[in-house]
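Chain by chain, the residues:
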Amino acid sequence: MEELAVAIGKNIREKRRANGLSQDRFALVAGIDRSYMGKIERGEASITLEKLYRIAEALQCEPITLLPKTASIRLPAPRKANKAGLNEGR
């Protein structure tokens, strides 16, 4: 999941800079704390769909444009379910 958060954060940062917005101004427009926005852009925080949509609105783009291509992301293997149908390790 970490690789995904980094890729999304990178896309958000690039789009913000292309729009000529400082991180402070962008965070204000998106209604997200500036320090949290920094964590998002560095891939240190995973975001909810609601935040993705708020960020896209502030950047005046569609949310899908902020997502990386699936071929460029390695997702962890799904956990195996035990006989009861529960994921192991939880």
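In what follows, the structure referred to is the one given above.
Notes on the structure follow. Predicted model only: the values in this text are computed from it and were never measured.

1. Observations concerning the packing of helix 1 (residues 2-18) against helix 3 (residues 34-42)
Two elements in contact, helix 1 and helix 3, have axes whose closest approach is 6 Å; the angle formed by their N-to-C orientations is 115°. The orientation of helix 1 with respect to helix 3, classified from their angle, is roughly perpendicular. Two secondary-structure elements touch here, helix 1 through Ala-5, Val-6, Gly-9, Lys-10, Ile-12, Arg-13 and Arg-16 and helix 3 through Ile-40, Glu-41 and Arg-42. Partitioned by chemical class, the residues of the contact of helix 1 with helix 3 number four nonpolar, one polar and five charged.

2. As for the pattern of salt bridges
Taken as a whole and assessed by the stated rule, the structure comprises six salt bridges. The salt bridge involving Arg-13 is made with Glu-41; its shortest N-O contact spans 3.4 Å. Linking Arg-13 in helix 1 with Glu-41 in helix 3, this pair joins segments that are 28 residues apart in sequence. Among the residues examined, Arg-13 registers a relative accessible area of 23% and is labelled partly exposed.

What counts and how
Residues numbered from 1 in each chain as written. Predicted model: local features only at pLDDT ≥ 70, side-chain atom pairs only at ≥ 80, totals over all residues. Heavy atoms only, no water. Axes fitted to C-alpha atoms, helices over the stretch in contact; angles between N-to-C directions. Helix = DSSP H or I, 4+ residues; strand = E, 2+ residues; numbered from the N terminus. Parallel < 35°, antiparallel > 145°, perpendicular 65-115°, else oblique. Contact = heavy atoms within 4.5 Å. Nonpolar A, V, L, I, M, F, W, Y, C, P; charged D, E, K, R; others polar. Salt bridge = Lys/Arg side-chain N within 4 Å of Asp/Glu carboxyl O. Buried < 20%, exposed > 50% of the residue type's maximum accessible area, 1.4 Å probe, protein only.

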